[in-house]
Amino acid sequence: MKNIVALTSSMITGNNSSFKLQLRLIEEHWSKGRFIKEFYSTEVGTVFGHIFTLDDEEFISTINLYFGDNANTTEVCDYLEETFCERNLNRLCKNFVSVSLQSPHFDLIFGVIETKLGKKYREENSIFEHKMFKAPLTVPEKIPVPQGYILGPLQLSCVESVVQQWAKDLELNTSDEAPLNILRSTVVSNIKERPGFGVYKEGEPGLPVAWITMYSGGELGMLHVVKEHRRRKLARILLREMLRVVREALGQEFRTHCFVKLHNTDCQKLLHSEGWIEQPYNNKRMYFHTDYLSKLN
């Protein structure tokens, strides 16, 4: 394989909407972190590529893979050998890494990746699996915000509310600041660099009762409604507002997506009811280092 000139989002076709969207966010400066973008072509013109997102210490924390629609299994394996070489494995984040891709060769690819990551993340490690949903082609109409609530941008003053809930979802040991700081960094980046919305009680603008953000890869996430405020369509309101803003900013052809943990059936039902399309072979997996997992108790 040979290196080629970097692709642009307008050049991405076929079943690679998540990769296309992340490229567009980088082009629009909605993602301001450190990225490594590399693209390759085979002799017959099949294109492969990846986006590595780097953390504050310049380690790779997320990997988004691109496979041309006409890629065969031999080409896929050759590309994975190039990408998950010893040099790149040594650059992986010491705590965890997430890998996302869209390809009909999904099982083959993750089989190779898991073998490779075994050198870095031990076998007894936890693997979080997700279903992927793609946004509908049309944006549903707005839903009125219930009386007594206000819909507005998610503010930096809301960081701790979001972080504490996220830590609770992950069953983190909240007395350990190290993993919490990793979450804080992500939440702050999401709020400062990309659209995010919160629902607030009137008179309490700094305390959201529901929220949603967008990650650097273009996926929507962190959707949460405080238990006492559920059954008021707040999650549905947030989801529609984010979809509207993203479409107005990036264009109708850019369909955002989200990853939902396999056990989160309530969120999956919401997405299905909103016309989001569950993808047949698209997924994200997060791998955690065993030493890091000792903090998840």
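Our subject in this report is the structure included herewith. Residue numbers run consecutively from 1 along every chain, following the written order of its sequence. Only residues with pLDDT of 70 or above have their local features reported here, since the model is predicted, and side-chain atom pairs are shown and tallied only from 80 upward, although totals for entire chains, interfaces and linings are computed over all residues. Side-chain measures here rest on the full set of heavy atoms in the structure, leaving out hydrogens and waters.

### Quick word on the packing of helix α2 (residues 73-83) against helix α4 (residues 106-117)
Step number 1: It is the contact of α2 with α4, at a shortest axis distance of 10 Å, that shows an interaxial angle of 25°. Relative to α4, the element α2 lies roughly parallel. Crossing geometry of α2 relative to α4 is assigned as right-handed. Residues Thr73, Val76, Cys77, Leu80 and Glu81 of α2 pack against Leu108, Ile109, Val112, Ile113 and Lys116 of α4. To obtain an axis, a line is fitted to C-alpha atoms, over the contacting stretch when the element is a helix, and the angle between two such axes runs from 0 to 180 degrees between their N-to-C directions. Counting from the N terminus, the helices are the DSSP runs of H or I reaching at least four residues and the strands are the DSSP runs of E reaching at least two. Note on angle classes: values under 35 degrees are labelled roughly parallel, values over 145 roughly antiparallel, values of 65 to 115 roughly perpendicular, and the remainder oblique. By the definition used in this description, the sense in which the near helix is turned from the far one sets the handedness, with an anticlockwise turn below a right angle giving left-handed and a clockwise turn giving right-handed. Here, residues are in contact when the closest pair of their heavy atoms is within 4.5 Å.

### Side note on the pairing of strand β11 (residues 257-261)
Step number 1: In terms of residue burial, β11 counts as a mostly covered element, since 4 of its 5 residues are buried.
Step number 2: As paired strands, strand β10 (residues 219-225) and β11 are joined by 2 bridges and run parallel to one another. Of the residues in β11, the one forming a bridge with Leu220 is Cys258.
Step number 3: Whether a crossover is right-handed comes down to one check: with the strands pointing away from the viewer, does the path from the first strand over the helix to the second run clockwise; if it does, it is right-handed. Handedness of the β10-helix α7 (residues 234-250)-β11 crossover: right-handed. Buried residues are those whose accessible area, probed at 1.4 Å on protein chains only, stays under 20% of the maximum for their type, while exposed residues exceed 50% and partly exposed ones sit between those limits. Strands are labelled as partners when DSSP assigns at least two bridges between them.

### Details of the pattern of salt bridges
Step number 1: A pairing counts as a salt bridge when a side-chain nitrogen of Lys or Arg comes within 4 Å of a carboxyl oxygen of Asp or Glu. Considering all chains together, one arrives at 11 salt bridges under this definition.
Step number 2: With a closest N to O distance of 4.0 Å, Lys142 and Glu241 form a salt bridge. Here Lys142, found in the loop between β6 (127-134) and β7 (149-153), pairs with Glu241, found in helix α7; they are 99 residues apart in sequence, far enough to count as distant.
Step number 3: Residue classification places Lys142 among the exposed residues on the basis of a relative accessible area of 58%.
Step number 4: A relative accessible area of 9% places Glu241 in the buried class.
Step number 5: Taken together, the shared-partner salt bridges connect Lys142, Glu241, Arg244 and Glu248 into one network.

### Some words on the nonpolar core
Step number 1: By nonpolar core is meant a set of buried Ala, Val, Leu, Ile, Met, Phe, Trp, Tyr and Cys residues that side-chain atoms within 4.5 Å join together. Core analysis: the largest hydrophobic core is formed by 31 residues, its most contacted members being Leu220, Leu234, Leu271 and Trp276.
Step number 2: Secondary structure elements with two or more residues in this core: α1 (17-27), β8 (197-201), β9 (208-214), β10, α7, β11 and α8 (265-273).
Step number 3: Here this core gets 10 residues from one element, more than from any other, and that element is α7.
Step number 4: In this view, Leu234 contacts Pro146, Tyr149, Val199, Val209, Ala210, Val225 and His229; residues no more than four positions away in its chain are not counted.
Step number 5: Judged by nonpolar contacts, the second largest core, of 25 residues, contains Ile63, Leu65, Val76 and Tyr79.

### Regarding α1
Step number 1: For α1, a buried count of 10 out of 11 residues is recorded, marking the element as mostly surrounded by other parts of the structure.
Step number 2: Residues of α1 that are buried include every one of Ser17, Ser18, Phe19, Lys20, Leu21, Gln22, Leu23, Arg24, Leu25 and Ile26, and no others.
Step number 3: One or two positions beyond α1, positive phi appears at His29, with a value near 60°.

### Some details on the packing of helix α5 (residues 159-169) against helix α6 (residues 177-193)
Step number 1: α6 packs onto α5 with a crossing angle of 130° between their chain directions and a minimal axis gap of 9 Å. Comparing their axes, α6 and α5 come out oblique. The interaxial crossing formed by α5 with α6 has right-handed handedness. Mapping the contact onto sequence places Val159, Glu160, Val162, Val163, Gln164, Trp166 and Ala167 in α5 and Leu180, Leu183, Arg184, Thr186, Val187, Val188 and Ile191 in α6.
Step number 2: The nonpolar class holds Ala, Val, Leu, Ile, Met, Phe, Trp, Tyr, Cys and Pro. Asp, Glu, Lys and Arg form the charged class, and all remaining residues, Gly among them, are polar. Here the residues of the contact of α5 with α6 sort into 10 nonpolar, 2 polar and 2 charged.

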